[in-house]
Amino acid sequence: MNAASYVIPLPTQASLPVVGESGRYPVRRIWCVGRNYLEHIREMGNDERAPPFFFAKHADMLVPDGATIPYPPLTKDLHHEVELIVAMKSGGLNIPAEKALDHVYGYAVGIDLTRRDLQIASRKKERPWEVGKSFDYSAPCSAVQPASMIGHPAKGKIWLTVNGKEAQKGDLTELIWNVPEIIWQLSQQVKLAAGDIIMTGTPAGVSQLQPGDRLECGVVGVGTLKVSIGQPE
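Quantities reported herein were computed from a predicted structural model and do not represent experimental measurements.

J.: Outline the overall build of the protein chain, listing residues and values.
T.: When you go through the protein chain residue by residue, the secondary structure sums to 5 helices and 18 strands. Here the C-alpha radius of gyration of the protein chain, 17 Å, is about what a compact globule of 233 residues would show, namely 17 Å. Burial analysis of the protein chain (233 residues in total) assigns 50% to the buried set. Partitioning the contacts of the protein chain with sequence separation of at least 6, the portion at a separation of at least 24 is 75%. About 11,500 Å² of surface is accessible on the protein chain, with carbon and sulfur atoms providing 52% of the total.

The structure is reproduced here in structure tokens:
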């Protein structure tokens, strides 16, 4: 169907630039892995023996490299969480871990911005985390690096600085569940497809952000991402 077939204008297709390509990567869904680095589990006071779990953000919450992000409403405790992002080119249900990388298009660097005070309040009331995790501009993301160019990174530094000062530092080898295992686990829950991206978890060092803060982050061999926090809208 074309645009004239709908009663309101079609929403813009969320997408990411691709390194070395003129075309863009269309984003279907954003999946996030909770508690996938041991030191982050410890700093948040959670059970380090529990397996990671999944939550979602909406695709139109993506923010491009270089953007200024309005400080979000309802919170006084906005946190950064740098993550390796996996971009899928195909999918399915119950994908075996040994076949998982066959479905990966490439990788990127992202930040899971979190309204920590709202997340903690929801957790205490045994309510969903959505209000703390899924909000406008909450998913900054770099350009996608095709796996055909860089392979499938399984080690390398992941880091984030705030105003030039290191806040987060880890290594992909510290992932409790690696990328093939994440895909295997998530595909038992939902049918993955081309355009799905997966944020794989954050290392220790998350901290509070304020308007005016400048963030730079990266994963060695994948890329870097810079964003700033602006005033509320």
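J.: Before we move on, could you go through the sheet that holds strand β3 (residues 29-34) and cite the residues and values that matter?
T.: Strand order in the open sheet formed by 6 strands is β4-β3-β15-β8-β9-β12, with mixed pairing between adjacent strands. Because the sheet does not close on itself, it has two edges, and the strands there are β4 (53-57) and β12 (145-146).

J.: I'd like a description of the pattern of salt bridges, backed by residues and values.
T.: Inspection of the entire model under this criterion finds 6 salt bridges. Of the charged contacts in the structure, one is a salt bridge between Arg 28 and Asp 196, with a shortest N-O distance of 3.0 Å. Placement of Arg 28 in the loop between β2 (24-26) and β3 and of Asp 196 in strand β15 (residues 196-199) is noted, with a sequence separation of 168 residues between them. A salt bridge links Glu 81 to Lys 133, with the nearest nitrogen and oxygen atoms 3.3 Å apart. Here the residue Glu 81 occupies a position in the loop between β7 (78-79) and β8 (82-88), and Lys 133 occupies one in helix α3 (residues 130-133), the gap between them amounting to 52 residues.

J.: Just give me the short version of the environment of Gly 195, but keep the residues and values in it.
T.: If you trace the backbone, Gly 195 turns up in the loop between α5 (179-189) and β15. Classification of Gly 195 as buried rests on a relative accessible area of 4%. A sequence separation of 25 residues divides Gly 195 from Gly 170, and the C-alpha atoms of the two residues are 27 Å apart.

J.: I'd like to hear about the layout of surface pockets, residue by residue, with values.
T.: Each pocket or cavity is described by its volume, and for the largest pocket that value is around 240 Å³. As for the largest pocket, its lining consists of 13 residues, and the residues nearest its centre are Gln 13, Ala 14, Ser 15, Ala 59 and Asp 60. For the lining of the largest pocket, the secondary structure elements donating two or more residues are β1 (15-17) and β5 (62-63). Here the lining of the largest pocket gets 3 residues from one element, more than from any other, and that element is β1. Here the residues of the lining of the largest pocket are counted per class, giving 8 nonpolar, 3 polar and 2 charged.

J.: How would you sum up the side chain of Arg 116? Please name residues and give values.
T.: With respect to the element layout, Arg 116 can be found in helix α2 (residues 116-124). A polar contact of 2.8 Å, which involves the side chain of Arg 116, links it to the side chain of Gln 119.

J.: Please provide a residue-by-residue account of the nonpolar core, values included.
T.: Among the nonpolar cores identified, the biggest contains 62 residues, and Val 27, Leu 62, Ile 183 and Ile 198 are the most heavily contacted of them. For this core, the element with the highest residue contribution is β8, accounting for 6 residues.

J.: Give a detailed account of α5, specifying residues and quantitative values.
T.: Taken together, the buried positions of α5 are occupied by Val 179, Pro 180, Ile 182, Ile 183, Leu 186 and Ser 187. Seen along its axis, α5 keeps its buried residues to an arc of 155°; they face one direction. In this structure, the buried residues of α5 make contact with β3, β4, β8, β9 (104-111) and β15.

J.: Describe the sheet that holds strand β16 (residues 208-209), naming the residues involved and giving the relevant values.
T.: Spatially, the 3 strands line up as an open sheet ordered β10-β7-β16, and their pairing is antiparallel. Each edge of the open sheet carries a strand with a single partner, namely β10 (114-115) and β16.

J.: Give a detailed account of the packing of aromatic side chains, specifying residues and quantitative values.
T.: The final tally for this structure, using the stated rule, is 4 aromatic pairs. Aromatic pair Phe 55 and Trp 129: ring centres 5.7 Å apart, planes at 55°, arrangement tilted. Of this pair, Phe 55 sits in strand β4 while Trp 129 sits in the loop between α2 and α3, and the two are 74 residues apart along the sequence. Taken together, Phe 53, Phe 55 and Trp 129 form an aromatic cluster joined through their ring pairs. Here Lys 57 stacks its cationic end above the ring of Phe 135, 5.6 Å away from the centre of that ring.

The rules behind the values
- Residues numbered from 1 in each chain as written.
- Predicted model: local features only at pLDDT ≥ 70, side-chain atom pairs only at ≥ 80, totals over all residues.
- Heavy atoms only, no water.
- Helix = DSSP H or I, 4+ residues; strand = E, 2+ residues; numbered from the N terminus.
- Rg over C-alpha atoms; globule rule 2.2 N^0.38 Å.
- Buried < 20%, exposed > 50% of the residue type's maximum accessible area, 1.4 Å probe, protein only.
- Contact = heavy atoms within 4.5 Å.
- Areas by Shrake-Rupley, 256 points an atom, 1.4 Å probe, with all protein chains shown as cover.
- Pairing = 2+ DSSP bridges.
- Salt bridge = Lys/Arg side-chain N within 4 Å of Asp/Glu carboxyl O.
- 1 Å grid on protein atoms, 1.4 Å probe; cavity = no way out; pocket = protein on both sides within 12 Å on 5 of 7 lines; lining within 4 Å.
- Points joined across faces, edges and corners; volume = space filled by probe spheres on them.
- Nonpolar A, V, L, I, M, F, W, Y, C, P; charged D, E, K, R; others polar.
- Polar contact = N/O pair within 3.5 Å; in protein donor to acceptor, adjacent residues only side chain to side chain.
- Core = buried A, V, L, I, M, F, W, Y, C linked by side-chain atoms within 4.5 Å.
- Arc of directions from axis to C-beta.
- Phe/Tyr/Trp six-rings, centres within 6.5 Å; stacked < 30°, edge-to-face > 60°.
- Lys NZ or Arg CZ within 6 Å of the ring centre and 35° of its normal.

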